[in-house]
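# Residue-level structural notes
For reference, the chains in residue letters:
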Amino acid sequence: MPHVVTDNCRLCLFTDCVEHCPVQCFHADDERSYIDPDVCIDCGACIPACPVQAIHEVFEPDDERELLDLNKQRSHALPVISVKRSPLSSAAARRAELGF
Ligand code: SF4
């Protein structure tokens with residue numbers, strides 16, 4: 001089933017995930033990342049890499065259509081990110097807010 005980046009990534013952008021992806025399907029803007037569902041092979045390798053649990057597998061696509069569409073549309077409009085970046089300056093506070 002498809003994998004998606006959720007809103008937990010917003011204002012964090014830790015990007016540990018990108019170095020675990022074997023097919024370079026992560027894309028990012030200034031606030032968060034997205035997974036290209038047309039490239040993702042659903043291996044799950046990125047899930048444990050995220051310190052704020054922002055990635056999950058979608059088992060009920062009809063219930064998460066908005067999130068699936070967001071990942072698809074934004075990933076197609078943004079460049080690939082395959083090398084880890086420094087987290088955003090807001091990342092520590094956002095992580096604490098999320099409870100991680
Ligand atoms: Fe990449 Fe695998 Fe994560 Fe898909 S599930 S984004 S292929 S690491």
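Calculation notes
- Residues numbered from 1 in each chain as written.
- Predicted model: local features only at pLDDT ≥ 70, side-chain atom pairs only at ≥ 80, totals over all residues.
- Heavy atoms only, no water.
- Helix = DSSP H or I, 4+ residues; strand = E, 2+ residues; numbered from the N terminus.
- Rg over C-alpha atoms; globule rule 2.2 N^0.38 Å.
- Buried < 20%, exposed > 50% of the residue type's maximum accessible area, 1.4 Å probe, protein only.
- Contact = heavy atoms within 4.5 Å.
- Phe/Tyr/Trp six-rings, centres within 6.5 Å; stacked < 30°, edge-to-face > 60°.
- Lys NZ or Arg CZ within 6 Å of the ring centre and 35° of its normal.
- Lys, Arg positive; Asp, Glu negative; His and termini not counted.
- Salt bridge = Lys/Arg side-chain N within 4 Å of Asp/Glu carboxyl O.
- Polar contact = N/O pair within 3.5 Å; in protein donor to acceptor, adjacent residues only side chain to side chain.
- Near = heavy atom within 4 Å.
- Nonpolar A, V, L, I, M, F, W, Y, C, P; charged D, E, K, R; others polar.
- Core = buried A, V, L, I, M, F, W, Y, C linked by side-chain atoms within 4.5 Å.
- Expected span 1.5 Å × (residues − 1).
- Arc of directions from axis to C-beta.

### Details of the overall build of the protein chain
Tallying secondary structure elements over the protein chain gives two helices and four strands in all. Going residue by residue from the N terminus, the α and β elements of the protein chain occur as β-β-β-β-α-α. At 12 Å, the protein chain has a C-alpha radius of gyration in line with the 13 Å of a compact globule built from 100 residues. Referenced to the eigenvectors of the C-alpha coordinate spread, the extents of the protein chain come out at roughly 30 × 25 × 25 Å. Out of the 100 residues belonging to the protein chain, those deemed buried represent 39%. A separation threshold of at least 6 residues defines the contact pool for the protein chain, and within that pool the share at least 24 residues apart is 76%.

### Observations concerning the packing of aromatic side chains
Applying the stated criterion across every chain, the model contains zero aromatic pairs. Here R95 stacks its cationic end above the ring of F14, 5.5 Å away from the centre of that ring.

### Description of the side chain of R32
Its place among the elements puts R32 in the loop between strand 2 (26-28) and strand 3 (33-35). The side chain of R32 sits in the buried core without any salt bridge; D7 is the nearest counter-charge, 4.4 Å away. A polar contact of 2.7 Å, which involves the side chain of R32, links it to the backbone oxygen of V5. Discounting chain neighbours no more than four positions away, the residues touching R32 are V5, T6, D7, C9, R10, L13, H27, L70 and N71.

### Details of the site of the ligand
Around the ligand sit 13 residues, and of these C21, C40, C43, G44 and C46 come closest. Each residue belonging to the shell around the ligand can be placed in one class, and the counts come to ten nonpolar, two polar and one charged.

### Structural notes on the nonpolar core
Of all hydrophobic cores here, the largest spans 20 residues; its most connected members are V5, C17, F26, I35, V52, A54 and I55. Those residues in contact with I35 that lie beyond four places of it in its chain are H3, V4, V5, C25, F26, C40, I55, N71, K72 and S75.

### Here we look at the pattern of salt bridges
According to the stated counting rule, one finds six salt bridges in the structure shown. R94 is the salt-bridge partner of D7, the closest N and O atoms lying 3.4 Å from each other. Of the two residues, D7 sits in the loop between strand 1 (3-5) and strand 2 while R94 sits in helix 2 (residues 91-98), which places them 87 residues apart along the sequence. Residues K72 and D38 are paired through a salt bridge, measuring 3.8 Å at the closest nitrogen-oxygen approach. A residue pair is termed long-range when its members are at least 10 positions apart, and K72 in helix 1 (residues 65-77) and D38 in the loop between strand 3 and strand 4 (55-57) qualify at 34 residues. The class for K72 is partly exposed, based on a relative accessible area of 37%. Taken together, the shared-partner salt bridges connect D7, R10, R94 and E97 into one network.

### Re helix 1
Helix length check: helix 1, at 13 residues, gives a terminal C-alpha distance of 18 Å against a target of 18 Å (1.5 Å per residue), a fit within 8%. Burial in helix 1 covers these residues: L67, L68, N71 and S75. Projection of helix 1 onto a plane perpendicular to its axis shows the buried side chains occupying an angular sector of 105°, all on one side. Exposed positions of helix 1 whose direction lies more than 90 degrees from the buried face are E66, Q73 and A77.

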